[in-house]
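# Architecture at a glance
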Amino acid sequence: MLNWASIVALIILAGIAMFAVVAVILVIYFCAYRKNINKAVVLGEEAPRKMLPPYKLFLILGIGAFLIIVGVSACKIGKNSNDSSPEDKYYEAIYGYNMYVEEQMQEGYRSVYSIEENKGYTKDVIVKGDVKFTCFISETGYDNIHPRFIIYIEYTGDKELVTFCYNGKFKDNKENVITGYGTSGRDITKNEVLTVIGNTDINCIFELSIYYFDEFVKAENVEELAVVAEKLELYIP
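Now for a quick tour of the structure. (Residues numbered from 1 in each chain as written. Predicted model: local features only at pLDDT ≥ 70, side-chain atom pairs only at ≥ 80, totals over all residues. Heavy atoms only, no water.)

### Some thoughts on the overall build of the chain
We apply this condition: The helix and strand labels rest on DSSP assignments: H or I over at least four residues marks a helix, E over at least two residues marks a strand, and numbering proceeds from the N terminus. Exposed residues in this analysis have more than 50% of their type's maximum accessible area, buried residues have under 20%, and partly exposed residues fall in between, with area computed by a 1.4 Å probe over protein chains only. By the convention used here, residues are in contact when the closest approach between their heavy atoms is within 4.5 Å. Only the protein chains shown count as covering a residue, and every accessible area follows the Shrake-Rupley method with a 1.4 Å probe.
Within the chain, the secondary structure is distributed over two helices and nine strands. Going residue by residue from the N terminus, the α and β elements of the chain occur as α-α-β-β-β-β-β-β-β-β-β. Across the 237 residues of the chain, 34% fall into the buried class. Relative to all contacts within the chain whose residues are 6 or more apart in sequence, the contacts with residues 24 or more apart total 67%. Total accessible area on the chain stands at roughly 14,600 Å², and carbon and sulfur atoms take up 57% of it.

Here is the structure:
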């Protein structure tokens, strides 16, 4: 996606090129026009072959070139405004999240948050298969002290799980990935609640993928060996 300075520069260059073409056409036409008049004088004709006066041709070509430049510029600006690539405001925004186990949620500022209720946050419970996501989103938007969103993750099935891994991504409103990261190989106890705490200063989508395992595995694509795998997409307004 081009920035506005680049678009303006391209429009100016296009205008110069267009009027250069018009100038060349006018020079050629003017030569033909004078030749036509001179020929009529030599042959003694009362009137030369009828041709459009150069000034009228100049007006027609000038208006046509102007309309073409305006039309192309409007299309370029419209395309630039609707470009789906995640740039500018999304790349300049703040993103971050961390995953915590239950023991870590009892430490420091995290201990004030609860899976039941959090003042100043809207609550939404989303169930995906055997995984329940309890989501809290700040009602006041971004600040650098309080989390923008909190997600509690509970496995509700009957499998005996020993470890898990996860991956989180921030995406723009057209599903383009801005940034993301995850980890693998952490132990988990039966019925343990995991918690994601995150922050961002822009409206976006947070995508969280969670994978549970009933044995310890070593492989490049460990996600494919998960006995439970679910994905949550949370819109951050």
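### What to know about the side chain of glutamate 192
What counts here: Counted as a polar contact is a pair of N or O atoms within 3.5 Å, where, for protein atoms, one must be capable of donating a hydrogen and the other of accepting one, and residues adjacent in sequence contribute only when both atoms are in side chains.
Mapping glutamate 192 onto the fold places it in the loop between strand 6 (177–187) and strand 7 (194–200). A polar atom in the side chain of glutamate 192 sits 3.4 Å from the backbone nitrogen of glutamate 102. In contact with glutamate 192, other than residues within four places in its own chain, are Val101, Glu102 and Ile153.

### Examining the pairing of strand 8 (residues 204–213)
In plain terms, the rule: Between any two strands, at least two bridges found by DSSP are needed for them to pair.
A large share of strand 8 lies buried, amounting to ten of its ten residues. The two faces of strand 8 match: Cys204, Phe206, Leu208, Ile210 and Tyr212 on one face and Ile205, Glu207, Ser209, Tyr211 and Phe213 on the other face are all buried. Pairing geometry for strand 5 (residues 163–171) and strand 8, over nine bridges, is antiparallel. Its bridge partner being in strand 8, threonine 163 is matched across the sheet by phenylalanine 213. Sheet topology places strand 8 next to strand 9 (residues 228–236); nine bridges connect them, and they run antiparallel. Following the sheet pairing, isoleucine 205 is matched in strand 9 by tyrosine 235.

### Quick look at the sheet that holds strand 4 (residues 149–155)
Remark on secondary structure: sheet strands pair via backbone hydrogen bonds, oriented parallel or antiparallel. Put simply, the test is: To obtain an axis, a line is fitted to C-alpha atoms, over the contacting stretch when the element is a helix, and the angle between two such axes runs from 0 to 180 degrees between their N-to-C directions.
Judged by pairing direction, the sheet is antiparallel, and its five strands sit side by side in the order 1-7-4-3-2 without closing on themselves. Edge positions in the open sheet fall to strand 1 (95–100) and strand 2 (121–128), since each of these has one partner strand only. In this sheet, neighbouring strand axes are inclined to one another by 15 degrees on average, regardless of whether the strands run parallel or antiparallel.

### Focus: unusual backbone geometry
A positive phi angle, near 70 degrees, is found at glutamate 175, a position not held by glycine. Its location among the elements puts glutamate 175 in the loop between strand 5 and strand 6. For asparagine 191, which is not glycine, the phi torsion reads 65 degrees and is therefore positive. Looking at the secondary structure, you find asparagine 191 in the loop between strand 6 and strand 7.

### Some points on the environment of lysine 171
Of note, lysine 171 is situated in strand 5. Among all residues touching lysine 171, those that are not within four sequence positions of it are Asn176, Val177, Ile178, Cys204, Ile205, Glu207 and Glu233. A polar contact is formed between the side chain of lysine 171 and the side chain of glutamate 175, at a distance of 2.5 Å. Of note is the side chain of lysine 171, whose polar atom sits 2.8 Å from the side chain of glutamate 207.

### Looking at the environment of tyrosine 90
Tracing the backbone shows tyrosine 90 in the loop between helix 2 (54–81) and strand 1. Remark: the alpha-carbon pair of tyrosine 90 and cysteine 204, spanning 114 residues in sequence, is separated by 8.6 Å. Non-local contacts of tyrosine 90, meaning those with residues more than four positions away in its chain, are made with Tyr95, Asp172, Asn173, Ile178, Ile202, Asn203 and Cys204.

### With respect to the packing of aromatic side chains
What counts here: We call Phe, Tyr and Trp rings a pair once their centres come within 6.5 Å, taking the six-membered ring for Trp, and we label the pair stacked below 30 degrees between planes, edge-to-face above 60, and tilted otherwise.
Under the definition given, this model contains 13 aromatic pairs. Summarising the aromatic geometry, the rings of tyrosine 155 and tyrosine 212 are spaced 5.6 Å apart at their centres and angled 45 degrees between planes, so their arrangement reads as tilted. Of this pair, tyrosine 155 sits in strand 4 while tyrosine 212 sits in strand 8, and the two are 57 residues apart along the sequence. Accessibility assignment for this pair places tyrosine 155 and tyrosine 212 in one class, buried. An aromatic cluster of at least three residues, connected via ring pairs, comprises Tyr95, Tyr97, Phe149, Phe164, Tyr166, Phe170, Tyr181 and Phe206.

### Some words on a nonpolar patch on the surface
To be explicit about the condition: Here, patches come from residues exposed beyond 30% relative accessible area and free of salt bridges, joined within 9 Å for like charges and within 5 Å for nonpolar side chains (Val, Leu, Ile, Met, Phe, Trp, Tyr). Put simply, a salt bridge is a Lys or Arg side-chain nitrogen that is within 4 Å of an Asp or Glu carboxyl oxygen.
A cluster of nonpolar side chains, Tyr55, Phe58, Leu59, Ile63, Phe66, Leu67 and Val70, forms an exposed patch at the surface whose accessible area comes to about 750 Å². Relative to the assigned elements, leucine 59 resides in helix 2. Since its relative accessible area comes to 46%, leucine 59 is described here as partly exposed.

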